[in-house]
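A structural walkthrough
Here are the chains, one letter per residue:
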Amino acid sequence: MPRYSEVYQQVWTSNDFQALSKPQANAQTLWMFLLTYPMRTPLPGIFNAGYGSCCDYLGWERDALIACFDELGSREMVKLDTEKNIVYLPSWKQYNKPQNPNVLKSWVTILDTIPECTLKHLYIRDLWEVLQPLQDSFKELFIESFGEPFTTPEPEPEPEPPKAPPVLYKGV
């Protein structure tokens, strides 16, 4: 299991951190910022953030920030909805599973703060996948909250061609 450490989200707004020299725009710093974004909620992997708020926190020019987002996006590390100001980090599902049904309930409640968009629906689909190895109570809570998950039906099997009647004898 990979090792990790918790990072206090408010590090970005602390006076000591703010007084340090600022990095030039780069994808590594943006990635670390997104993982520890000060306005994130306990809902892992999806949150409200736009270019403006990221530029304000990081002190970067908009074009430089967009280039960094593009770099992360090309590696499928981040997905953005720039109309709704939603950031989605698809790798959340590798590292964050609800510890118990009450945690899942809180995630469902917080998910209401995310506007309806494709990324929210992608998150819900991924959440269903995360719940599959867990106890049935997690899946029941999901279905109670979101309804039956959408699944692509299996195609109908092709009918087998009719078999030729058996040959009883060979004619001469």
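Refer to the structure above for everything that follows.
Let me sum up the structure you'll find in this document. (Residues numbered from 1 in each chain as written. Predicted model: local features only at pLDDT ≥ 70, side-chain atom pairs only at ≥ 80, totals over all residues. Heavy atoms only, no water.)

As for helix α8 (residues 136–146)
- Among the residues of α8, those classed as buried are Phe138, Lys139, Leu141 and Phe142. Looking straight down α8, one finds that the buried residues subtend no more than 160° of arc, so they occupy a single side. α8 presents Asp136, Glu140 and Glu144 as exposed residues on the side facing more than 90 degrees away from its buried surface.
- Structurally, α8 contributes buried residues whose contacts are with α6 (101–111) and α7 (118–131).
- Looking one or two residues past α8, Gly147 carries a phi angle of roughly 85°, positive in sign. (Buried < 20%, exposed > 50% of the residue type's maximum accessible area, 1.4 Å probe, protein only. Helix = DSSP H or I, 4+ residues; strand = E, 2+ residues; numbered from the N terminus. Arc of directions from axis to C-beta. Contact = heavy atoms within 4.5 Å.)

Brief notes about the packing of α7 against α8
- Orientation of α7 relative to α8, taken along the N-to-C sense of each, is 160°, at an axis distance of 9 Å. Taken together, the axes of α7 and α8 lie roughly antiparallel to each other. Remark: the crossing between α7 and α8 carries left-handed chirality. Residue-level contacts link Ile124, Leu127, Trp128 and Leu131 of α7 to Phe138, Lys139, Phe142, Ile143 and Phe146 of α8.
- In the contact of α7 with α8, the residues fall into 8 nonpolar, no polar and 1 charged. (Axes fitted to C-alpha atoms, helices over the stretch in contact; angles between N-to-C directions. Parallel < 35°, antiparallel > 145°, perpendicular 65-115°, else oblique. Left-handed = near helix turned anticlockwise from the far one by under 90°. Nonpolar A, V, L, I, M, F, W, Y, C, P; charged D, E, K, R; others polar.)

Points about helix α2 (residues 27–35)
- Within α2, the full set of buried residues consists of Ala27, Thr29, Leu30, Trp31, Phe33 and Leu34.
- In the core, the buried residues of α2 are packed alongside β1 (46–48), α3 (51–58), α4 (62–74) and β3 (86–88).
- Its side-chain oxygen 3.1 Å from the backbone nitrogen of Gln28, Asn26 forms the N-cap of α2. (Polar contact = N/O pair within 3.5 Å; in protein donor to acceptor, adjacent residues only side chain to side chain.)

Notes on the side chain of Asp126
- With respect to the helices and strands, Asp126 occurs in helix α7.
- A residue is classified by how much of its surface remains accessible, and Asp126, at 2% relative accessible area, is buried.

Digging into the side chain of Thr36
- Inspection of the secondary structure assignment puts Thr36 in the loop between α2 and β1.
- A residue is classified by how much of its surface remains accessible, and Thr36, at 9% relative accessible area, is buried.
- Within the structure, the side chain of Thr36 is placed 2.7 Å from the side chain of Trp12, a separation counted as a polar contact.
- If near-sequence neighbours (up to four positions away) are discounted, Thr36 is found in contact with Val7, Gln9 and Trp12.

Quick look at the packing of aromatic side chains
- In the structure shown here, the tally under the stated rule is 12 aromatic pairs.
- Judged by centre distance (4.7 Å) and plane angle (20°), the rings of Trp92 and Tyr123 are stacked. Within this pair, whereas Trp92 is found in helix α5 (residues 92–95), its partner Tyr123 is found in helix α7, the two being separated by 31 residues in sequence. An identical accessibility class is assigned to Trp92 and Tyr123; each is buried.
- Through a chain of ring-to-ring contacts, the aromatic side chains of Trp12, Phe17, Phe33, Tyr37, Phe47 and Tyr57 assemble into a single cluster. (Phe/Tyr/Trp six-rings, centres within 6.5 Å; stacked < 30°, edge-to-face > 60°.)

Brief notes about the nonpolar core
- Residues Leu43, Ile46, Leu104 and Tyr123 are the most contacted members of the largest nonpolar core, which totals 23 residues.
- Mapped by element, the contributors of at least two residues to this core are β3, α6, α7 and α8.
- Per-element accounting of this core gives the leading share, 8 residues, to α7.
- Not counting chain neighbours up to four residues away, the residues in contact with Tyr123 comprise Leu43, Pro44, Gly45, Ile46, Tyr88, Trp92, Trp107 and Leu111.
- Core analysis: the second largest hydrophobic core is formed by 21 residues, Leu30, Leu34, Tyr37 and Phe47 among them. (Core = buried A, V, L, I, M, F, W, Y, C linked by side-chain atoms within 4.5 Å.)

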